Structures are given as C-alpha cells and as structure tokens.
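An overview of the molecular structure
These are the residues of each chain, in order.
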Amino acid sequence: MINRPEPGPGILKIKPYCGGKGGHMAGNVYKLSSNESALGPSKKAQKAYSDAVASISIYPDGGYVPLRQAISERHQLRPEQIVCGAGSDEILSHLAQSFLQPGDEAIYSAHGFTIYPLITLAQGAVPIAVTEHNLTTDVDGILAAVTPRTRIVFIANPNNPTGTYINYEEMRRLHGRLRSNILLVIDAAYAEYVLANDYDAGIELVTSSENVVMTRTFSKVYALAALRLGWAYCPEHIADVINRVRLPFNLTTPTIEAGIAAISDQRHVEASIAHNETWRDRIFEELSAMGLHLTPSVANFLLIEFPEDAGRTAHDADAFMTARGIFLRDVSDYGLSRHLRMTIAGEKANLAALASMLDFMSST
Ligand SMILES: *Cc1c(COP(=O)(O)O)cnc(C)c1O
C-alpha cells in the first residue's frame, strides 16, 4: 500500500450530511422536506440582494458592522458580542474546532440535529448522544452524561426534527449544574416561531454567564437559506475566539445587504409567523383526525409517527407521497425510523400534502 495523505482521527467516521429530498425543483412537486420558510423572503431583502450585484468586484466588509448593528438593534444586544457565519452551521463548526480536542466529549440530545456529531467527529472528539424523554431534551440525562472529558453541550431549542423545546427554567437548571468550563451551545434556529411564554432563546443566559453561546439563523423565518447567513450571541471572550478562527470574508456583500433588509422588514416576519401558527394547528388537527400520532411542535414543522403494520409504515407513507410529488423528510438519520417530518409550507403545498396523506391513510 502506498503512503498517502490521511485525514485526522474521526474524519472517516463522519456520515456525510444528507438533506431533505428535492433540492431545487421545477414542475408539479411540493417540497415539505426541508424546514424552509413557507412564504419566502421579504421583497426588500430580494431587492437588496440584487442591488448589491453592482459591488461584487470588491471584497466584502469583513467585520460586517452594519449587519451586526441591525441584529443588535433588533434584539437589544451588544454588537461586540455578535459574530456572523456562513449559516449558523459554520459558527457551530468553529465552536467545535476551537473548543474540542481529540478525545474530548460533546453531548447532544439523541434526536438532535445531525450536524453536532459531524462537527465533533471532525475534531477527533467523541459525540455522546443522550436519550430523550417524550421526544424532548432530557436535562437530567444530559447532566448524568457529563464526564471530566465533556467540553461542549449542544442543544437545539426548539429541537429539529422533534419540534419540542425546554423552557427557560429547565435551561437555567441545566446551565447551573454544568461545570463552568463546559460550553453550553443553544441552537435557536427556530426561536422566532416559538410563542410560548416560558421560552427564552438563550439571550438571558449568554448575558449572565461566560460559558453560553446562542446561535441563530436567517435560513428559517427570514427565508434566506440559500444565502447562508447565521449569527451567534456570545460572551466577548468567545466572540474573540470565533473571530480568530473564522475566515476573514465569510459573508458575501449581497448576503450582508439582504440580511440587513430582511431584519428590518419585521412585518414580513410577523406574516410568516402567523401563517405558521394557522397551518401548524390545522395540519396537526387534520392528521390527528386521520389516526396519526403527532408530537406537539413549537417550530415550523411537525413530526408524524406512523404505525408499524405492513403497508402503513413511515417508509410506505414516504414512498406513497413521493410518487405523488410530495416530499416529506425521512428522519431515520436522526434515529426516528417510525416518523416523517413535514415542514409547514405554503397553502397549496399544505393542502396537497393533506389530501395525499388522507389517500394514503384510507388506501387498503
Ligand atoms: C436549520 C437549522 C439550523 C440552521 O442552519 P444554517 O446553517 O443557519 O442554515 C441550525 N440548527 C438547526 C437545529 C436547524 O434545524
């Protein structure tokens, strides 16, 4: 065997990320397999993006001050503590890169976002999955899994693909019992959709401690998934670390401009949230009435559980719907082989999905 370059420990254990089927599609198909926004982006964001084409020969503003300013005004945060990335995925990856050494452990919830084990393995570190309770992050389970090697706890709150969340008290209890040198990463990609009074996206904990980071994204309610724009609110010492490891021009000018325009168009965001509420409730009720079991969701998707009887399984439903041009998300990668995830989409797609599901459930 000839000697050839070998990647670091852990790299070849990574199972490459596999997205929801569909990609960019034309024709009579409905894509409810990725948690993209139902209403699409703000017109103002689209215009800002196209206007920025005039300046694409010039390097972007590597510190994206006006974007951080816009985010800080919207959320009442200090701009010095905000860092942006090419999607929040990039920031999560920088956190793993900066805080995990080979052999260290990072804890995540068993049905949590599949990016966490991926970025952990990339560092030669060990991902530790903690069993959930009622498809919800189990704080006591996480605390019991902490060892002297634990360096990061990743929590998606609300979680994808379950749609469940833990309340502020639970998150505070978790944080209060973690060693202060363990980084608690709260991935709040779906925060805007959560209307529950006992929810906090993580801002309180970041503000009052030195070991919590909250990540957010423009990919979901802002509907800018293709632009790859995310941000994190961090203690200053962690912002400093990310600003050292991130590449200097990780955001493009059109992305920065679209982000600023999107965040200033809160009317559009409110319309998206209202659409989501209405359809999530309606779809929940209609699918339940068909005899399916659904997990109550605070996000822009629903997790549907199917029976195990032949012809009635999640796999059968997926095949049936796909044949009719309706794409849901197979979540077996997340350890949920009896479930499919359905994203709340626009009216036409939602109705088409409901009609096909009714056909599936009433077929013999
Ligand atoms: C969609 C999603 C993200 C967002 O990723 P981006 O890289 O910002 O597009 C982050 N975390 C979770 C749990 C998600 O579902």
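Treat the numbers as computed from the prediction; the structure is a model and nothing was measured. (Residues numbered from 1 in each chain as written. Predicted model: local features only at pLDDT ≥ 70, side-chain atom pairs only at ≥ 80, totals over all residues. Heavy atoms only, no water.)

Brief notes about the overall build of the protein
Counting its regular elements, the protein contains 12 helices and 13 strands. Across its three principal axes, the protein shows a C-alpha extent of roughly 60 × 55 × 50 Å. Within the protein, the proportion of its 364 residues that are buried is 54%. Partitioning the intrachain contacts of the protein with sequence separation of at least 6 by distance along the chain shows that 74% fall at a separation of at least 24. Counting only carbon and sulfur atoms, one obtains 54% of the accessible surface of the protein, whose full area is about 16400 Å². (Helix = DSSP H or I, 4+ residues; strand = E, 2+ residues; numbered from the N terminus. Buried < 20%, exposed > 50% of the residue type's maximum accessible area, 1.4 Å probe, protein only. Contact = heavy atoms within 4.5 Å. Areas by Shrake-Rupley, 256 points an atom, 1.4 Å probe, with all protein chains shown as cover.)

Some points on the domain arrangement of the protein
As far as domains go, the protein holds domain 1 (15-41 + 267-363) and domain 2 (43-264). Taking only C-alpha atoms, the centre of domain 1 and the centre of domain 2 are 25 Å apart. Between domain 1 and domain 2, the residue contacts involve 28 residues of the former and 29 residues of the latter. Between domain 1 and domain 2 lies a buried interface of about 2300 Å² when both sides are counted; carbon and sulfur atoms form 69% of it. Together, Pro 41, Val 298 and Tyr 334 form the three largest contributors to the area buried by domain 1 at its contact with domain 2, with a combined 30%. Where domain 1 meets domain 2, there are 0 salt bridges. The tally of links from domain 1 across to domain 2 stands at 4 residue pairs in polar contact (both at pLDDT 80 or more). Elements represented by at least two residues in the side of domain 1 that touches domain 2 include exactly helix H10 (266-289), strand S10 (301-305) and strand S13 (339-343). When residues in the side of domain 1 that touches domain 2 are grouped by element, the largest group, 6 residues, is from H10. (Domains from an automatic or database assignment. Buried area = accessible area lost by both parts, 1.4 Å probe. Salt bridge = Lys/Arg side-chain N within 4 Å of Asp/Glu carboxyl O. Polar contact = N/O pair within 3.5 Å; in protein donor to acceptor, adjacent residues only side chain to side chain.)

Concerning the packing of helix H3 (residues 88-99) against helix H8 (residues 236-245)
Viewed as axis vectors pointing N to C, H3 and H8 meet at an angle of 100°, and their least axial separation amounts to 10 Å. Judged on the interaxial angle alone, H8 and H3 are roughly perpendicular. Contacts between H3 and H8 involve Ile 91, His 94, Leu 95, Gln 97, Ser 98 and Phe 99 on the former and, on the latter, Ile 238, Val 241, Ile 242 and Val 245. By residue class, the composition of the contact of H3 with H8 is 7 nonpolar, 3 polar and no charged. (Axes fitted to C-alpha atoms, helices over the stretch in contact; angles between N-to-C directions. Parallel < 35°, antiparallel > 145°, perpendicular 65-115°, else oblique. Nonpolar A, V, L, I, M, F, W, Y, C, P; charged D, E, K, R; others polar.)

A word on the packing of helix H11 (residues 314-323) against helix H12 (residues 347-362)
Geometry of a packed helix pair, given as the angle between the helix axes and the separation of the axes. The geometry of H11 relative to H12 is characterised by a closest axis approach of 10 Å and an angle of 125° between their N-to-C directions. With respect to H12, the axis of H11 lies oblique. Once H11 is placed against H12, the crossing between them reads as right-handed. Together, Asp 316, Ala 317, Phe 320 and Met 321 of H11 and Ala 353, Ser 356, Met 357, Asp 359 and Phe 360 of H12 make up the contact between the two elements. When its residues are assigned to classes, the contact of H11 with H12 shows 6 nonpolar, 1 polar and 2 charged. (Left-handed = near helix turned anticlockwise from the far one by under 90°.)

Section: the site of the ligand
Lining the immediate environment of the ligand, one finds 13 residues, of which Asp 187, Tyr 190, Thr 217, Ser 219 and Lys 220 sit closest. Between the ligand and Thr 217, the relevant distance is 2.6 Å, taken from an oxygen atom to a side-chain nitrogen or oxygen of the residue. Contacts to the ligand include Lys 220, whose side-chain N or O atom sits 3.3 Å from an oxygen atom. In the complex, 94% of the free accessible area of the ligand, which totals 390 Å², lies under the protein chains. The residue makeup of the shell around the ligand, split by class, is 4 nonpolar, 5 polar and 4 charged. (Near = heavy atom within 4 Å.)

A few points about unusual backbone geometry
A cis amide bond links Asn 157 with the next residue in sequence, Pro 158, at an omega value of 0°. You can see Pro 158 is positioned in the loop between strand S5 (150-156) and helix H6 (168-177). Asn 160 connects to Pro 161 through a cis peptide bond whose omega is 15°. Here the phi dihedral of Asn 134 falls at roughly 50°; this positive angle occurs in a residue that is not glycine. Within the secondary structure, Asn 134 sits in the loop between strand S4 (126-130) and helix H5 (139-145). With a phi angle near 60°, Arg 228 is a residue other than glycine that sits in the positive phi range. Note that Arg 228 resides in the loop between strand S7 (212-217) and strand S8 (230-233). Taking the relative accessible area as the measure of exposure, Arg 228 reaches 32% and is therefore partly exposed.

Re the sheet that holds S13
What the 4 strands build is an open sheet, ordered S9-S10-S13-S12; its pairing is antiparallel. Of all the strands in the sheet, the pair left with one neighbour each is strand S9 (293-295) and strand S12 (329-330). As defined by bridge partners, S9 adjoins S10 across 3 bridges and the pair is classed as antiparallel. When the bridges of S10 are listed, His 293 appears paired with Glu 305. (Pairing = 2+ DSSP bridges.)

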